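Each chain, letter by letter, is given below.
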Amino acid sequence: MSKSVPLSAFDAVISRAGTDAMKWDKYKNQDVLPFWVADMDFAIAEPIQAALLERMKHPILGYTLPSDGLSDAVRGFLQDEYQWEVEADWLVWLPGVVCGLAASCRAFAQPGEALIVNPPIYHHFFDSHEPHHHIERLPLQCGNDHRWTWNFVTLEERLKAGGVGAIMLCSPHNPSGTVFTRDELNTMMQLANTYDVTVVSDEIHCDLVLNPEARHYPTAAAVPQLHDRTVTLMSASKTWNLAGLNCSYAIIPDPTRREAFKAAVQSTVPPVPPLAYVATEAAYLHGGTWRAAANEYLWANYQYLVERFADVSELHVHPLDATYLAWIDATNLPVDNAAEFFEQHGVGLSDGAQFDHAGFIRLNFACPRETLGKGIDRMLAAIKTLTS
Ligand SMILES: Cc1ncc(COP(=O)(O)O)c(C=O)c1O
């Protein structure tokens, strides 16, 4: 049984100076607070740290296999969390989700075929393909309630025209924070089945459903009778703040697709580092308490962010059910580029253009509330300079 984790643990401001942290060192020696790349400024869960230290008592770190214990830990977690029964041989271990996206493009799209992506979307969806494929952007639609979701009308029209290798989903969705409903996933899978395409579902954010009312369904488990069409990409890396360790996995029920994927991985994708396996196993087996507390803290951070910007007409924080990445409409801000503007005022954000949606910004709120508050103060002060 893991020890309880008080929410105040996430208030600790831990300097990342001297660790070459990509997030902070982008602005080394500058007075800019970083809210861009998706990692957390929180200490990892104590049982994960303990497992890593324990492993380091052995001094050899050679090529390593995923253990049966690791496979059981992942499968047990998926069963408990999503009632998804995954067989051990469906798992293919990878050192990252992005290389899984790239391998999927190689495996499931023939030369000349299209890969469908739904912007605004995590930028690696645009650049993981081979030169002989082409990316087709079918934008998400944003409803009156500001929830972003798939447009099945344009999707079906495009599928009907033929020549599509795979649909590349991001579920839950980065940067909009949408958790897709079971009905939406069902419609997606029925269309994929009718038009005979593979569905690649990047679910790296699935264990970060912050809204207690929302529920994530793995695409493959939402319509079990169609799971042979799916490739699911998952990792403990976002949820437990292990992004620098490089461990993720694909779940591929269909043996033919699995072999095609493995062939695409061979020679181009390095093996998973031993410490990464250790941390992943510890996260799934002993990280539940930490994760629950972290998600509660993150949800409170999101509410705080919404409140602080509630009366600010220049920025509209869109609703979010999952991820720690707020998607903010800055089109009312009278500047050419909102991300550049805020950076000049000491706040480092992601530019919506990176996700194919200029005019928006993305703010990573996985940090102590004090840091978030300072960033918001700077953004509000920056906006004031435009009106005063
Ligand atoms: C949707 C999505 N997929 C993949 C990644 C990166 O995955 P990895 O570091 O495992 O390659 C991210 C990181 O932010 C992400 O948001």
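Draft legend 1. Quick peek at the nonpolar core. Grouped together as the largest cluster of nonpolar side chains are 74 residues, with contacts concentrated most on Trp84, Leu315, Phe342, Ile361, Leu363 and Phe365. The leading source of residues in this core is helix H11 (residues 288-309), at 9 residues. For this core, the domains that each give at least three residues are domain 1 (7-46 + 288-387) and domain 2 (61-286). The contacts of Leu363, once residues within four sequence positions are left out, are Phe35, Leu305, Tyr324, Leu325, Ala326, Ile328, Leu349, Leu372 and Met379. Counting residues in each nonpolar core, the second largest holds 29 residues, with Leu94, Cys99, Leu101 and Leu233 among its members.

Draft legend 2. Region of the structure containing the packing of aromatic side chains. All chains considered together, the criterion is met by 19 aromatic pairs. Residues Phe10 and Tyr297 carry aromatic rings whose centres are separated by 5.5 Å and whose planes lie at 40 degrees to one another, so their mutual orientation is tilted. One end of the pair, Phe10, is in the segment before helix H1 (22-25); the other, Tyr297, is in helix H11, and 287 residues separate them in sequence. For the residue pair Phe10 and Tyr297, the accessibility class agrees, reading buried in each case. Taking 5.7 Å as the distance between ring centres and 80 degrees as the angle between the ring planes, the aromatic pair formed by Trp93 and Tyr277 counts as edge-to-face. Separated by 184 residues along the polypeptide, Trp93 in strand S2 (residues 91-94) and Tyr277 in helix H10 (residues 274-286) bring together distant segments of the chain. Given a relative accessible area of 15%, Trp93 falls into the buried group. According to the relative accessible area criterion, Tyr277 is buried, its value standing at 8%.

Draft legend 3. Structural view of the sheet that holds strand S14 (residues 350-351). Taken in spatial order, the 4 strands line up as S11-S12-S15-S14 in an open sheet, and their pairing is antiparallel. This sheet does not close on itself; its edge strands, each paired only once, are strand S11 (316-317) and S14. Both S14 and strand S15 (residues 360-364) contribute to a ladder of 2 bridges, which runs antiparallel. Residue pairing in the sheet places Ser350 in a bridge with Arg362 of S15.

Draft legend 4. Up close: the domain arrangement of the chain. Taken domain by domain, the chain comprises domain 1 (7-46 + 288-387) and domain 2 (61-286). A C-alpha centroid distance of 26 Å is found between domain 1 and domain 2. The interface of domain 1 with domain 2 comprises 28 residues on the first partner and 37 residues on the second. Interface area for domain 1 against domain 2, summed over the two sides, is near 2800 Å², with a carbon-plus-sulfur share of 58%. At the junction of domain 1 with domain 2, the criterion picks out 2 salt bridges.

Draft legend 5. Seen up close, the site of the ligand. Lining the immediate surroundings of the ligand are Ala38, Gly96, Val97, Val98, Tyr122, Cys170, Asn174, Asp202, Ile204, His205 and Lys238. Between Val98 and the ligand, the recorded distance is 3.0 Å, taken from a backbone N or O atom to an oxygen atom. A distance of 2.6 Å separates a nitrogen atom of the ligand from a polar atom in the side chain of Asp202. Its residues assigned to classes, the shell around the ligand shows 6 nonpolar, 3 polar and 2 charged.

Draft legend 6. Here's a closer look at the sheet that holds strand S4 (residues 134-137). The 7 strands lie next to each other as S2-S10-S9-S8-S7-S3-S4, forming an open sheet whose pairing is mixed. The outermost strands of the open sheet, each flanked by one partner alone, are S2 and S4. On average, adjacent strands in this sheet sit at an angle of 20 degrees to one another, irrespective of strand direction. When strand S9 (residues 230-234) meets strand S10 (residues 248-251), the two strands line up antiparallel, connected through 3 bridges. What sits directly across from Thr232, in S10, is Ile251.

Draft legend 7. Highlighting the side chain of Asn118. You can see Asn118 is positioned in the loop between strand S3 (114-117) and helix H5 (124-127). For Asn118, the side chain forms a polar contact with the main-chain oxygen of Leu138, separated by 3.0 Å. Beyond its immediate stretch of four places on either side in the chain, Asn118 contacts Leu138, Leu140, Trp150, Met168, Leu169 and His173.

Draft legend 8. Structural context of the packing of helix H3 (residues 68-82) against H10. Orientation of H3 relative to H10, taken along the N-to-C sense of each, is 35 degrees, at an axis distance of 9 Å. For the element pair H3 and H10, the recorded crossing hand is left-handed. Residues Gly69, Leu70, Ala73, Val74 and Phe77 of H3 touch H10, and the partners they reach there are Tyr277, Thr280, Glu281, Tyr284 and Leu285. Class assignment for the residues of the contact of H3 with H10 results in 7 nonpolar, 2 polar and 1 charged.

Draft legend 9. Highlighting the side chain of Thr149. With respect to the helices and strands, Thr149 occurs in strand S6 (residues 148-149). Take Thr149: its relative accessible area is 12%, and that puts it in the buried class. A distance of 2.7 Å separates the side chain of Thr149 from the side chain of Glu184, its partner in a polar contact. The residues touching Thr149, leaving out its near neighbours within four places in the chain, are Leu140, Gln141, Phe180 and Glu184.

Cut-offs applied
- Residues numbered from 1 in each chain as written.
- Predicted model: local features only at pLDDT ≥ 70, side-chain atom pairs only at ≥ 80, totals over all residues.
- Heavy atoms only, no water.
- Core = buried A, V, L, I, M, F, W, Y, C linked by side-chain atoms within 4.5 Å.
- Buried < 20%, exposed > 50% of the residue type's maximum accessible area, 1.4 Å probe, protein only.
- Helix = DSSP H or I, 4+ residues; strand = E, 2+ residues; numbered from the N terminus.
- Domains from an automatic or database assignment.
- Contact = heavy atoms within 4.5 Å.
- Phe/Tyr/Trp six-rings, centres within 6.5 Å; stacked < 30°, edge-to-face > 60°.
- Pairing = 2+ DSSP bridges.
- Buried area = accessible area lost by both parts, 1.4 Å probe.
- Salt bridge = Lys/Arg side-chain N within 4 Å of Asp/Glu carboxyl O.
- Near = heavy atom within 4 Å.
- Polar contact = N/O pair within 3.5 Å; in protein donor to acceptor, adjacent residues only side chain to side chain.
- Nonpolar A, V, L, I, M, F, W, Y, C, P; charged D, E, K, R; others polar.
- Axes fitted to C-alpha atoms, helices over the stretch in contact; angles between N-to-C directions.
- Left-handed = near helix turned anticlockwise from the far one by under 90°.

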